[in-house]
Amino acid sequence: MQHTVSPVGIVRSCFKEKFAIPRQPQLAPAARGVLELLPPFDQGDAVAGLEQVSHVWLLFLFHQALEDKPRLKVRPPRLGGNKSMGVFATRATHRPNGIGQSVVRLEGVEAGRLLLSGIDLLDGTPVLDIKPYVPYADCIDDATNQMASDAPEPIAVTWSEAALPQAHTHALRLREPLVELIEQCLAQDPRPAYQVPPADRVYGVKFWDVQVRWHYPKPDQIRVLEVVPDA
Ligand code: SAM
């Protein structure tokens, strides 16, 4: 049996590439985006009542990780990338039907647009459905997951003398909490778990329209080197 689904909207996100996106929503509250609804859902009727809700579930397509051949086992980055698990035991992006789900904060509701924060979604992500978070049903006090019991331990993020004023300047221009976004995302330590980076290796990622570059003076410490317009 086959079904066809079509997006109800597209996310415009601070994240322009997969690298350095947090592994789950809520890990970077400063990660913001706009869900632009597509016709016929771009009318006020489709979101009437949603202003009474603080968080929504987004069901979306991992559009940059779609594969023809289903995998039964995957190697989650959280487990260091060298241990394989059944695909249904993980939240890996490579999965049957390529469907992801995230609970995100609803900052605002406008006809045709939802303003979001705490997202873990790439720019351009197609959203298949939106549902209100229902605390009494969705928050399970005694839930356990032995593979992912707690949020990853954040690592220290420091700034070079040049980088912090650069980030503040771009934050003002963008009207976005860019300093917080950089600190929250880099504290998740985006490098692959197996990499021990030499101190002179520079990493970079694009957030909004700026390039953020950093290095690891020590393996458990990040120093932001510069925040410059993306060329
Ligand atoms: N919260 C979702 C879930 O549990 O289904 C996503 C979890 S998945 C482990 C998070 C990663 O998905 C992010 O770190 C990012 O690199 C990747 N990602 C986000 N949006 C994507 C997209 N549209 N296509 C492919 N990968 C994406």
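Note that the coordinates shown come from a computational prediction; the quantities given were computed from them, not determined experimentally.

The rules behind the values
- Residues numbered from 1 in each chain as written.
- Predicted model: local features only at pLDDT ≥ 70, side-chain atom pairs only at ≥ 80, totals over all residues.
- Heavy atoms only, no water.
- Axes fitted to C-alpha atoms, helices over the stretch in contact; angles between N-to-C directions.
- Helix = DSSP H or I, 4+ residues; strand = E, 2+ residues; numbered from the N terminus.
- Parallel < 35°, antiparallel > 145°, perpendicular 65-115°, else oblique.
- Contact = heavy atoms within 4.5 Å.
- Nonpolar A, V, L, I, M, F, W, Y, C, P; charged D, E, K, R; others polar.
- UniProt positions renumbered as here; feature names shortened; annotations may be inferred.
- Expected span 1.5 Å × (residues − 1).
- Buried < 20%, exposed > 50% of the residue type's maximum accessible area, 1.4 Å probe, protein only.
- Arc of directions from axis to C-beta.

Trainee: Lay out the packing of helix 3 (residues 163–174) against helix 4 (residues 178–186) in plain terms, naming residues and giving numbers.
Mentor: A pair of packed helices is captured by two measures, namely the crossing angle of their axes and the spacing between those axes. Close contact between helix 3 and helix 4 brings their axes to 8 Å; oriented N to C, the two are set at 125°. Judged by the inter-axis angle, helix 3 sits oblique to helix 4. Along its contact with helix 3, which presents Leu164, Ala167, His168, His170, Ala171 and Leu174, the element helix 4 presents Leu178, Val179 and Ile182. Grouping the amino acids of the contact of helix 3 with helix 4 by side-chain chemistry returns 7 nonpolar, 2 polar and no charged.

Trainee: Lay out the UniProt feature "domain: TsaA-like" (unreviewed entry) in the protein with the relevant residues and their values.
Mentor: According to UniProt, the positions carrying the feature "domain: TsaA-like" (unreviewed entry) are residues 5–142. The straight-line gap between the two end C-alpha atoms of residues 5–142 is 34 Å; of that span, 6% is helix and 33% is strand.

Trainee: Run through helix 3, naming residues and quoting values.
Mentor: Every α-helical turn comprises 3.6 residues, leaving residues that sit three or four positions apart pointing alike. Along its 12 residues, helix 3 runs 16 Å from first to last C-alpha, staying within 8% of the 16 Å computed at 1.5 Å per residue. When we look at burial in helix 3, the residues that qualify are Ala163, Ala167, His170 and Ala171. The buried residues of helix 3 occupy one face: seen down the axis, they fall within an arc of 110°. In helix 3, those exposed residues whose orientation departs by more than 90 degrees from the buried face are Thr169 and Leu172. Among the structural elements, strand 9 (156–159), helix 4, strand 11 (210–218) and strand 12 (221–229) are those in contact with the buried residues of helix 3.

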